[in-house]
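Okay, here's what each chain looks like letter by letter:
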Amino acid sequence: MLKHGILGLLNYGSMNGYEIMTVFRDSLSFFWQAQTSQIYRELQSLEKNGWIKSTRVEQESGHERNMLSITKKGRAELKRWLKEDGGKNPVRNPLMMKTFFLGECSIDEGIDFFKSLPEKESIFPDGSDKAVLLRKEYQKNMPDPLKTLYWKFTMDFGLMYEKMLRKWCEHCIKELEEVKHESSFNQR
C-alpha cells in the first residue's frame, strides 16, 4: 500500500525524497503511517520495478538534486491498483484488542483509558483546522478540482472518525460510571 501511496504522490508531479516526505506528512500521514526509512526503501523498490525514474537535476546553488518521477509503467500500476477488487480488508485494530481485555483492569483504569483515548488516537494531532488549511494550500497547486475533492473525502472521513471516537468514549465512560455507582451502592 505504501508503494501505491508514493506512486499517487508522484503522479501529481516530480519530487525529491524530502518533498515526498513533506507531502506525505502533510496529507497521507493522517491515515497511513510510515517512517522515513520505509519510504526511502519503497522508493528504491519502485525504481527497481521501473515504476519511477530518478533524474539528477542541478540547482541554482550548484548542488544536484535527485528528482523522482512516475513512469508510464508506474501510472499503469497505480491505475491497476485503484481498480482492483482487493476483497475484504481483514480487521486488525489494536484499539479494539486492548478494549476487549480492559476487564482485567479496574473500572477507574477503564474510565481513565477512555478519557485519554480521543487525544491519543487523534488523526489530526496538530488539530483538524491545520489539516484543512494544508489541504487548501495543496489545492491551490492542483489544477484538477476533482482530485482535490477526493482528498477532501479522506479528510471528511478522519473528521467523522474522530467525532465517532469521542462519542463512543463518552458512551463507554457513562456505562463504566454506572457500573461503578451500582457496585458502590451494593457494597453498603
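Fair warning: this is a prediction, and the values are worked out from it, not measured in the lab. (Residues numbered from 1 in each chain as written. Predicted model: local features only at pLDDT ≥ 70, side-chain atom pairs only at ≥ 80, totals over all residues. Heavy atoms only, no water.)

(A) Geometry of the overall build of the protein chain. What the protein chain contains, in helices and strands, is eight helices and two strands. Order of helices (α) and strands (β) in the protein chain, N terminus to C terminus: α-α-α-β-β-α-α-α-α-α. In terms of C-alpha radius of gyration, the protein chain reaches 22 Å, well past the compact-globule figure of 16 Å for 188 residues. Along the first, second and third principal axes, the C-alpha set of the protein chain runs to 80 × 35 × 30 Å. A buried classification covers 30% of the 188 residues belonging to the protein chain. Excluding contacts between residues fewer than 6 apart, the proportion of contacts in the protein chain whose partners are at least 24 apart in sequence is 59%. In the form shown here, the protein chain has an accessible surface area of approximately 13,600 Å², with 55% of it arising from carbon and sulfur atoms. Of note, the protein chain has its 30 positive side-chain charges centred 7 Å away from the centre of its 27 negative side-chain charges. (Helix = DSSP H or I, 4+ residues; strand = E, 2+ residues; numbered from the N terminus. Rg over C-alpha atoms; globule rule 2.2 N^0.38 Å. Buried < 20%, exposed > 50% of the residue type's maximum accessible area, 1.4 Å probe, protein only. Contact = heavy atoms within 4.5 Å. Areas by Shrake-Rupley, 256 points an atom, 1.4 Å probe, with all protein chains shown as cover. Lys, Arg positive; Asp, Glu negative; His and termini not counted. Charge placed at Lys NZ, Arg CZ, Asp CG, Glu CD.)

(B) Here's a closer look at a negative patch on the surface. A cluster of like negative charges, contributed by Glu 175, Glu 177, Glu 178 and Glu 182, occupies part of the molecular surface. Positionally, Glu 182 belongs in helix α8 (residues 145-186). (Patch = residues over 30% accessible without salt bridge, like charges linked within 9 Å, V, L, I, M, F, W, Y side chains within 5 Å. Salt bridge = Lys/Arg side-chain N within 4 Å of Asp/Glu carboxyl O.)

(C) A look at the packing of aromatic side chains. Within this structure, the stated rule accounts for five aromatic pairs. Seen from their ring centres, Phe 113 and Phe 114 are 5.1 Å apart, and the 80° between their planes marks the pair as edge-to-face. The exposure class of Phe 113 is buried, given its relative accessible area of 14%. Between Tyr 150 and Phe 153, the ring centres sit 5.4 Å apart and the planes meet at 85°, which makes this aromatic pair edge-to-face. You can see Tyr 150 and its partner Phe 153 sitting in helix α8, three residues apart, about one turn around the helix. Ring-pair connections join several aromatic residues into one group, and the members of that group are Phe 113, Phe 114 and Trp 168. (Phe/Tyr/Trp six-rings, centres within 6.5 Å; stacked < 30°, edge-to-face > 60°.)

(D) Inspection of the packing of helix α1 (residues 2-11) against helix α2 (residues 17-26) at higher detail. One way to put it is that α1 packs onto α2 with a least axis distance of 11 Å and a crossing angle of 105°. On the basis of their axis angle, the class for α1 and α2 is roughly perpendicular. Across from Leu 2, Leu 9 and Leu 10 in α1, the residues of α2 making contact are Ile 20, Val 23 and Phe 24. (Axes fitted to C-alpha atoms, helices over the stretch in contact; angles between N-to-C directions. Parallel < 35°, antiparallel > 145°, perpendicular 65-115°, else oblique.)

(E) Spatial organisation of the side chain of Ser 29. Secondary-structure assignment places Ser 29 in the loop between α2 and α3 (36-48). Relative accessible area serves as the criterion here: at 17%, Ser 29 is assigned to the buried category. Among the polar contacts listed, one links the side chain of Ser 29 to the backbone oxygen of Arg 25, at a separation of 2.6 Å. (Polar contact = N/O pair within 3.5 Å; in protein donor to acceptor, adjacent residues only side chain to side chain.)

(F) Main features of the pairing of strand β2 (residues 64-70). Two strands pair when backbone bridges link them, and strand β1 (residues 52-58) and β2 are joined in this way by seven bridges, in the antiparallel orientation. Considered in β2, the bridge of Glu 58 is made with Glu 64. (Pairing = 2+ DSSP bridges.)

(G) Here's a closer look at the packing of α1 against helix α4 (residues 72-83). Running from N to C, α1 and α4 point in directions that differ by 120°, and their axes come no closer than 10 Å. Of the possible angle classes, the one that applies to α1 and α4 is oblique. As α1 runs across α4, the sense of the crossing is left-handed. Along its contact with α1, which presents His 4, Leu 7, Gly 8 and Asn 11, the element α4 presents Gly 74, Arg 75, Glu 77, Leu 78, Arg 80 and Trp 81. Across the contact of α1 with α4, the residue classes tally to three nonpolar, four polar and three charged. (Left-handed = near helix turned anticlockwise from the far one by under 90°. Nonpolar A, V, L, I, M, F, W, Y, C, P; charged D, E, K, R; others polar.)

Function-wise, these values are silent; they only describe arrangement.
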